[in-house]
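Chains, contacts and geometry: an overview
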Amino acid sequence: NWFNKLYLKFFSSDESILLSLLRIVEYLDKDSLFPTGQTMALASLSHKNDEIKEMGIRIFENWCCIESYDILKNLRVDTAWLQEYIEQVKKDFEEELCLC
């Protein structure tokens, strides 16, 4: 809970701290912060900052599981390079998780 409180505190006030918190989430096992980590990654995808959105995608990419795939396949962003990144991650998941 304390980590989630930090995330919420800095979501709209300090993007550099928020990115640092997301980097921590990125390197943790998906189950160690369940479900808070997943919620943080999802919330990051709605942030105005594209770098924070990218971190949300990277978190799901690093976890490489069917749940991450299901989230990313339903995600659309306005920034072209981020959408291309999402599409590439989905293709990688399809190969790695045998979803073809």
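Residues numbered from 1 in each chain as written. Predicted model: local features only at pLDDT ≥ 70, side-chain atom pairs only at ≥ 80, totals over all residues. Heavy atoms only, no water.

Topic: the side chain of Asn 49
Along the polypeptide, Asn 49 turns up in the loop between helix H3 (36–44) and helix H4 (50–63). Of the polar contacts made by the side chain of Asn 49, one reaches the side chain of Glu 15; its length is 2.7 Å. (Helix = DSSP H or I, 4+ residues; strand = E, 2+ residues; numbered from the N terminus. Polar contact = N/O pair within 3.5 Å; in protein donor to acceptor, adjacent residues only side chain to side chain.)

Considering the pattern of salt bridges
Counted according to the given criterion, the structure contains six salt bridges. Among the ionic pairs, Arg 23 bridges to Glu 51, the shortest N-O distance being 3.9 Å. With Arg 23 in helix H2 (residues 15–27) and Glu 51 in helix H4, this residue pair connects regions lying 28 residues apart in the sequence. Taking relative accessible area as the criterion, Arg 23 reaches 35% and is therefore assigned partly exposed. For Glu 51, a relative accessible area of 38% translates into the label partly exposed. In this structure, Lys 30 engages Asp 31 in a salt bridge whose closest nitrogen and oxygen atoms are separated by 3.4 Å. (Salt bridge = Lys/Arg side-chain N within 4 Å of Asp/Glu carboxyl O. Buried < 20%, exposed > 50% of the residue type's maximum accessible area, 1.4 Å probe, protein only.)

Nothing here speaks to function; it is all geometry.
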